[in-house]
Every structure is written in structure tokens, then in C-alpha cells.
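# Structural features, examined
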Amino acid sequence: MAAQTPPGTPLWRQAFDAAEKRVTPHAESLVRTPYFATGVGLLRRAQNVAKDTARGVSARAWHLVNLPAGTDLARLRAQVGALDREVRRLTVQLETERRRPPTADATTEETDADGAQPASGPRPRPARRGAQRPPRS
């Protein structure tokens, strides 16, 4: 072993190399058996079942205390992403329409609207929903 390792190799590396040299042939013969593939498949399936069960239990627990679960947040992220893509698509479509020269049959209202300027000042705020409380009796 000393002839194969360069001088100054740390002791831990020499120990690792020696263990690897002995274990590798046995590990390779084990991995190549059909039972190994079946065992890995079953183990993976068991992990997925355990993960799904834990997810379901934790989601129910979060919902019991009226908080969103991870699945709820993932669904909301997907919806926000879809909305973002739709807004971008509509923005590109609107810019394309604005750049197109007006046709001869365009009304003056349409051509006036193309030159409209954005309103100065702050935009109006959306209406706020109050807390939904039962009516007092």
C-alpha cells in the first residue's frame, strides 16, 4: 500500500483507500443482483408512503389551527406564477397592439385612446374587506 500512495498522504486517506479496496468488489457484486433492484424499489415505495402520510398528518394539524399547510402555499405559488405569466403575455400583446399603425377604419375614439396619458397622482386603493363577524344580537 505504501508504494501506491504518494508520500505525505494523510493517515485518514490511507485508511479510506484500504477500506475502499476491500469493500468495493463485494459492494459491486451485491448491486448487480436482481434482488438489490427489487429491494431498492420497495424501499423507495415505502419512503414515499411514509412521506405522503407525514405530509397529510402535518397538513391536517396546520388546518386544525387555521394555518396554511405547505401544499396550500405551493398551490398559491403556482397560481401566482400563472397569473404573472398571463400578465406578461397580455402586456406583450398590448404593446404589440399599441405599436401597430392605426387602420383607415379606426374611429377617433380608438385613436384618442391610444394617446391617453396615465393619470397623475396616486392610484386609487382597492376596497378593503372588513372582518367578517357575525351580526350582533
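A brief structural summary. Please read these numbers as outputs of a predicted model, since none were measured by experiment. (Residues numbered from 1 in each chain as written. Predicted model: local features only at pLDDT ≥ 70, side-chain atom pairs only at ≥ 80, totals over all residues. Heavy atoms only, no water.)

It is worth spelling out the overall build of the protein chain at this point. The number of helices and strands found in the protein chain is four helices and zero strands. The linear arrangement of helices and strands in the protein chain, starting from the amino end, is α-α-α-α. Residues classed as buried in the protein chain amount to 4% of the 137 residues present. A total accessible area of about 13200 Å² is found for the protein chain, and carbon and sulfur atoms account for 60% of it. (Helix = DSSP H or I, 4+ residues; strand = E, 2+ residues; numbered from the N terminus. Buried < 20%, exposed > 50% of the residue type's maximum accessible area, 1.4 Å probe, protein only. Areas by Shrake-Rupley, 256 points an atom, 1.4 Å probe, with all protein chains shown as cover.)

Further remarks concern the pattern of salt bridges. Evaluated as defined, the whole model comprises seven salt bridges. Between R75 and D72 there is a salt bridge whose closest N-O contact spans 3.2 Å. Of this pair, R75 and D72 are both found in helix α3 (residues 70-99), three residues apart, which corresponds to roughly one turn of the helix. Notably, a salt bridge pairs R89 with E86, separated by 2.6 Å at the nearest N-O pair. Separated by three residues within a single helix, R89 and E86 lie in helix α3, roughly one turn from each other. Note on R89: relative accessible area 45%, which makes it partly exposed. (Salt bridge = Lys/Arg side-chain N within 4 Å of Asp/Glu carboxyl O.)

Further remarks concern helix α1 (residues 11-31). Here α1 spans 29 Å end to end across 21 residues, near enough to the 30 Å set by a 1.5 Å rise per residue. The largest bend in α1 is about 35 degrees, located at V23, with the proline P25 one to four residues further on. (Expected span 1.5 Å × (residues − 1). Bend = angle between axes of the 7 residues up to and from the residue.)

What follows covers a nonpolar patch on the surface. Nonpolar side chains collect at one region of the surface, where L30, V31, F36 and V40 lie side by side and expose about 330 Å² of accessible area between them. The set of elements that each furnish at least two residues to the nonpolar patch consists of α1 and α2 (34-64). Relative to the elements of secondary structure, V40 occurs in helix α2. (Patch = residues over 30% accessible without salt bridge, like charges linked within 9 Å, V, L, I, M, F, W, Y side chains within 5 Å.)

These figures come from the coordinates and say nothing about function on their own.
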